[in-house]
Amino acid sequence: MDSPDGPDGGKRKKSSRPLFLNRDIVIKRLHHRQQSKKASPMVLLKDIFEETPDKDRFVGDVMFWKFFEDIDANRIYHTNSVEYRNLKVMFFETLFYLVLLGSVTAYAYNLQSQDVFESRIEQLDYWRGCDTDGNCRIQKVEDVASFWTWMQNELVPLAYTDDVDAPKVAQIETVFPNSKFPLYWSPRYLSDTRSTVLLGSLRMRQLRVQPNAGCIVTALVRHVYPDCYSTYDASRESQDPYDPRFAPTYLTKAYQWRPVEETQQVSLTGSAASYSGSGYFIDLPANKSHASSMLSDLHVWRWVDKLTRAVTIELTTMSTNVNVIVNTVILFEFTPNGAVTGTVSSTAMRTFFFTPSLQGSNLFAFILLIWLSLMFFIFTLYSLWLMYKTCFNYLGQNPIGYLKRSGWTARLLFPFRTLYQFFRYGWNFADMVILGSFYVHLGFRISAYLAVGSNPVLQPDVIGHPEIFMPFGQLMEPLVLGNNLLALLSITCWVKLFKYLCMSSYFRLLVRILESCAARLIIFAALLLVVFFGFAVAFSIGLGTTDRNFVTIPGSFLVLFFLLIDGYSIDIEWFRPGKDQLVTLIFLGYIALIYFVLLNIFVAIVLDTFSLASRLYAVEADKKNPMIVFLHTYWNWMKGQSLVKDESEEHMNPKDLSITLDLLPGLVRRKWVEKKRRMQRVADQNFAGMDLFPEDVDRSLSKKRADQMITDWMLPSTQTDVFDQMTAPVEHKPLALYEVPDTIMTQEISRAQLQRLMDEDSTIPLLLGSKRAVDVIRKFKSVEKEEESGQPVSAVKAMQGTIFGRIDKLERVKLDDDVPEVPEMTQIAEQMSGAILDLRNQFRVQLTGVIECTAVLFEHLVELTQGLDEVRQNSDGVIRLVRSNQIGDTGYGL
């Protein structure tokens, strides 16, 4: 017996598992084919880039960023080519952006300081009254009584330090009319460290609500308690004066409502509600005893009552050693149920945010601001130029001329169409975010300078006056928002760096994955937001009464996001006997859906994009980097050297540089027309108004008559298609293989164009008998030869005769004569013969076994038939006996 390894001792190849063709496999293969890499516009438009006279139209187009890896490196050596011009723009754009990124980073770094953070924390701890263990005295305020106690025992000692030996900070002169004796004031220090100065006075402001607004007393208890007082809302804010009849006159203004323009304070958000900047306010005097007396009078004359919902105390300090201004707001919230909670918030800014400084390190920050303004002005002009180029490409004409010739509808839609076309490239949207963030940040900085200059209480000779309130809170709010926008600007600038990393083969794949994931993850994020909002509503209803984090739906919505990272502490009370388990089931559903499903979908999207991108954007080892080629070319151009290889066209006969289309074979004509139409379709998709094929008057044939033209091998897809073809008034005809419009026949094809066509299709050189376009031109432009009969023969007919001669020669070959013996083929033939012989023997054995089994089965069937006959006979006998017995019994009875 032969060994299973075969006669050559080698192991036989394992037979592959049969693949069953089902629906899932077909869909999977179709999806794989659809996801395969398609020819990029850089490849399809390569001829356009070389032939178009308007090369500047393509300069700045985003396709060179999208398909950077498909740029033809050989064309970069030509300094007048579209590829070279675009790479030049891309190179200088990259240099400019790197300078811009460094400037933004240096600017953001210079604005921040550890001193700002420490000054803010110092003020927070100071006004909270916190010790080293984190216990704060402001937390002891729980009701109205403890609120007034804190005001007398904590606020007054903290705001009025008994430091009689403290030096004078400044001499601020106050001149009164008709008086020759001015008063001099000096800002006072806070605490005994003498490092913090209080700027201006403390301003107390109260916000109140209207009775029976936003709430209704039920009829059941209305006779006991007729009025109700809701939580604070701007629509329910009370503006009525409520000063008692015999209250001291110097407190009268404290009981009168004033708008934001008079309070000079901003709105703020507490744990119970959001409060406006208006209200009832009064400034504490500079003298400690006077301030204590004022607080006592306010307490006695019920400045705070059951309609009060919030009391704020705003003050501003300055850390003199580090030039940091801190605005502090102490907020006491009075809930409708009688509870009082106190919080302290502080905002710190360096002094150069409020006025330009030309000394020390502040001078560098001011210079950076001016430098960034100049850089972003240039960046804006460049972005507008790119937008103009995008607009021109999709309009096909000058935008101003287009607007003049268009109607009002087109004019109204023009900005939206422009933005849509511009933002189709995602990195352009990042540019707009960068520009918008910077200009809004710059606007806030300039508005702060202007506000300080226009406010009389913030002038150098007045600022810090202990009897005048300093409205730094109004300046802090836009500056904080401006810093937040600066943070957005910084992260967007660094993320946009990925756009330029695509020029490096090491990072290109990662950049393409990021670009591909972005759109899919945005759609996934929309689904995630819907799911999170649903759970936020459920958690707010189920846990809002027991957990402070889920009291409001917005708060619950935000907390659920952080649960993904930080986790959640399970409350053991959920599992107590008798407890409702519905909330537990909701939490279990949240874990199952978010952790086990949606997060895995997120990972699956990234992995799928990575697997697809790794195939589409695989780096070819022998392919040159276009930017490296450009730098090499640009460096040699600066030295006056050209790297273009001599294509010897200058030594050719001018007649050999082009050929008309009618002189070429029909297949070559068709290939040329198909290529031109394919390029025109790509041009129509990317550049409006670009007519690359004006000779093709029947160019719309592929769009209008595509449904009526089929090929010989196409079959109807459905039964409806069959009936449509049978009843159609126009007969469907197959598309002619060599159909070329007559107007194109006289078109000239250059040697370079024909050479590229031959390089793209390997069948054309075989057909034409040469790989060089110049040989083909000479061949088909040559003088017609004469046959033996004396009739002239064109080059096309001669080529056909050559092809048919080759075919005839191939058919005349005697395959049995002089056939060389190939050992490998002989070995394969022997193995196939042996395998067929084994298969035939096995088939005979199996067939013999089947015949024997059939014979045995037949014998058993015969026996079964005979047995059935005996059973039938016995059954008939039994029936006869039964009938005879019944007849005998009946006769006997009669």
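What counts, and at which threshold
- Residues numbered from 1 in each chain as written.
- Predicted model: local features only at pLDDT ≥ 70, side-chain atom pairs only at ≥ 80, totals over all residues.
- Heavy atoms only, no water.
- Helix = DSSP H or I, 4+ residues; strand = E, 2+ residues; numbered from the N terminus.
- Buried < 20%, exposed > 50% of the residue type's maximum accessible area, 1.4 Å probe, protein only.
- Contact = heavy atoms within 4.5 Å.
- Areas by Shrake-Rupley, 256 points an atom, 1.4 Å probe, with all protein chains shown as cover.
- Phe/Tyr/Trp six-rings, centres within 6.5 Å; stacked < 30°, edge-to-face > 60°.
- Lys NZ or Arg CZ within 6 Å of the ring centre and 35° of its normal.
- Polar contact = N/O pair within 3.5 Å; in protein donor to acceptor, adjacent residues only side chain to side chain.
- Disulfide = S-S within 2.5 Å.

(A) Broad picture of the overall build of the protein chain. The helix and strand inventory of the protein chain stands at 27 helices and 16 strands. Put simply, the protein chain has 894 residues, and 36% of those count as buried. Sequence-distant contacts, at least 24 apart, represent 68% of the contacts inside the protein chain between residues at least 6 apart. Accessible surface, the protein chain: about 54900 Å² in total, of which carbon and sulfur atoms supply 60%.

(B) Structural view of the packing of aromatic side chains. Applying the stated criterion to the full structure yields 35 aromatic pairs. Measuring from ring centre to ring centre gives 5.3 Å for Phe91 and Phe92, while their planes differ by 70 degrees; the resulting arrangement is edge-to-face. Through pairs of rings, three or more aromatic residues link up here, namely Phe532, Phe535, Phe539, Phe550, Phe587, Tyr590 and Tyr595. When the ring centre of Trp637 is taken as reference, the NZ or CZ atom of Lys88 above it lies at 5.4 Å. The ring centre of Tyr242 lies 3.6 Å from the NZ or CZ of Arg208, which sits over that ring.

(C) Quick peek at the side chain of Glu333. Residue position: Glu333 is located in strand E9 (residues 324-334). When its relative accessible area of 2% is taken as the criterion, Glu333 is described as buried. In this structure the side chain of Glu333 is engaged in a polar contact, spanning 2.9 Å, whose partner is the side chain of Ser271. Within the structure, the side chain of Glu333 is placed 2.6 Å from the side chain of Tyr275, a separation counted as a polar contact.

(D) Broad picture of the state of the cysteines. Applying the stated criterion across every chain, the model contains two disulfides. The partner cysteine of Cys130 in its disulfide is Cys136, sulfur to sulfur 1.8 Å. Negative torsions about the S-S bond denote left-handed disulfides, and the value of about 95 degrees found for Cys130 with Cys136 makes this one right-handed. When its relative accessible area of 22% is taken as the criterion, Cys130 is described as partly exposed. Along the protein chain, the cysteines that take part in disulfide bonds pair up as 1-2, 3-4, counted in sequence order.

Function-wise, these values are silent; they only describe arrangement.
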